[in-house]
Amino acid sequence: MPMLRVSICDDDVATLSQLEELVRQYLDPGELCLATYSGYGEFLTTRQYVDLLFMDIDLGDGCGIELAKEVKKTDSGTCVIFVTAHPEYVEESFEVEPVYFLVKPIRPDSFRRAMDRAMERLVAERQKSRLTVTFQNRVSAVALRDISYIEFSVRSATIHAGTRVLRTYEKLSSLQQRVDSRFIQCHKSYLVNMDYVIGFQGNTLELCGGVEIPVSQSRAKVTRETLLHHLTRGIS
């Protein structure tokens, strides 16, 4: 299964803790990259690209609906589940096309229905943009958004997509033409999906799941600039 990037933004500590526990119960730990935020400002300054976003509508320091709109501008494939103690706000959020509304206090059965619906939406989204490769006469396909990085050796390439690992004899130049602008070459042996980057320190990129990717000195400046542009795109 691919890595699922989940973010929770809620200024109520109890709800934030409950949602985190429920998410960890629903998803396999090895397939989860989870981040939590306690307010509008914190999320806006530190957020990463996500597959699934739990967003409190009525944040103390800002509007959760507007924040979710910004997220969807950046990545229209993100699934949004709104969390609220005020059901009257539901109509205002239709523009975001949320997959579900959870009303506080959150019931476990409602949470499971929300997650089931979100997973259905994510599976459909992953069918839209895929990379197909061949290795030893076997053809495999993987969604581009599921690929965290591609590692190249002398004779082959290894594609990392969560718990899936695919191999192909294609060269870097060939695969680079078939992926999209979210991928950056930070080293002669690596193509990295910037959506998975959570840190850049020294000559190393840190990805979700604790993976570290080297950055060559000659590519450090352009990698940093491209990452900054990618992460701030759509933020106003």
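Residues numbered from 1 in each chain as written. Predicted model: local features only at pLDDT ≥ 70, side-chain atom pairs only at ≥ 80, totals over all residues. Heavy atoms only, no water.

Trainee: Sorry, what's going on with the overall build of the protein chain here?
Mentor: When you go through the protein chain residue by residue, the secondary structure sums to six helices and 17 strands. Considered along the principal axes of its C-alpha atoms, the protein chain spans approximately 60 × 40 × 30 Å. The buried share of the protein chain, taken over its 236 residues, is 50%. Once local pairs closer than 6 in sequence are excluded, the contacts in the protein chain between residues at least 24 apart make up 56%. Just so you have it, the protein chain exposes about 11900 Å², and 49% of that area is on carbon and sulfur atoms. Charge separation in the protein chain, taken as the distance between the mean sites of 28 positive and 32 negative side-chain charges, equals 11 Å. (Helix = DSSP H or I, 4+ residues; strand = E, 2+ residues; numbered from the N terminus. Buried < 20%, exposed > 50% of the residue type's maximum accessible area, 1.4 Å probe, protein only. Contact = heavy atoms within 4.5 Å. Areas by Shrake-Rupley, 256 points an atom, 1.4 Å probe, with all protein chains shown as cover. Lys, Arg positive; Asp, Glu negative; His and termini not counted. Charge placed at Lys NZ, Arg CZ, Asp CG, Glu CD.)

Trainee: Honestly, the side chain of S216 in this entry has me stumped. Any pointers?
Mentor: For S216, the position within the fold is in the loop between β17 (212-214) and α6 (220-232). Overall, S216 belongs to the buried group, its relative accessible area being 17%. Setting aside residues up to four positions removed in sequence, S216 forms contacts with C186 and H187.

Trainee: Sorry if this is basic, but what is going on with the pairing of strand β8 (residues 130-135) here?
Mentor: A regular strand places its side chains on the two faces of the sheet in alternate fashion. What you see with β8 is a clean split: L131, V133 and F135 sit on the buried side and R130, T132 and T134 on the side with no burial. Here β8 hands over to strand β9 (residues 138-143) after two residues, with Q136 in that stretch at a positive phi of 50°. (Pairing = 2+ DSSP bridges.)

Trainee: Would you mind going over the sheet that holds strand β10 (residues 149-152) with me for this structure?
Mentor: Taken together, the five strands give an open sheet; going across it, the order is β12-β11-β10-β14-β13, and neighbouring strands pair in antiparallel fashion. The sheet terminates laterally at β12 (164-168) and β13 (183-187), the two strands that pair on one side only. Each neighbouring strand pair of the sheet contributes to a mean axis angle of 20°, computed without reference to strand direction. Alignment of β10 against strand β14 (residues 190-193), held across three bridges, turns out to be antiparallel. Bridge pairing in β14 places I150 opposite L191. (Axes fitted to C-alpha atoms, helices over the stretch in contact; angles between N-to-C directions.)

Trainee: Before we go on, may I ask you to explain the packing of aromatic side chains in this structure?
Mentor: We describe a pair of aromatic rings using the distance from one ring centre to the other and the angle between the two ring planes. Considering all chains together, one arrives at six aromatic pairs under this definition. Aromatic side chains Y37 and F43 sit 5.0 Å apart centroid to centroid with 85° between the ring planes, which places their arrangement in the edge-to-face category. Exposure class is identical for Y37 and F43. Each is buried. Aromatic side chains F82 and F101 sit 6.1 Å apart centroid to centroid with 20° between the ring planes, which places their arrangement in the stacked category. (Phe/Tyr/Trp six-rings, centres within 6.5 Å; stacked < 30°, edge-to-face > 60°.)

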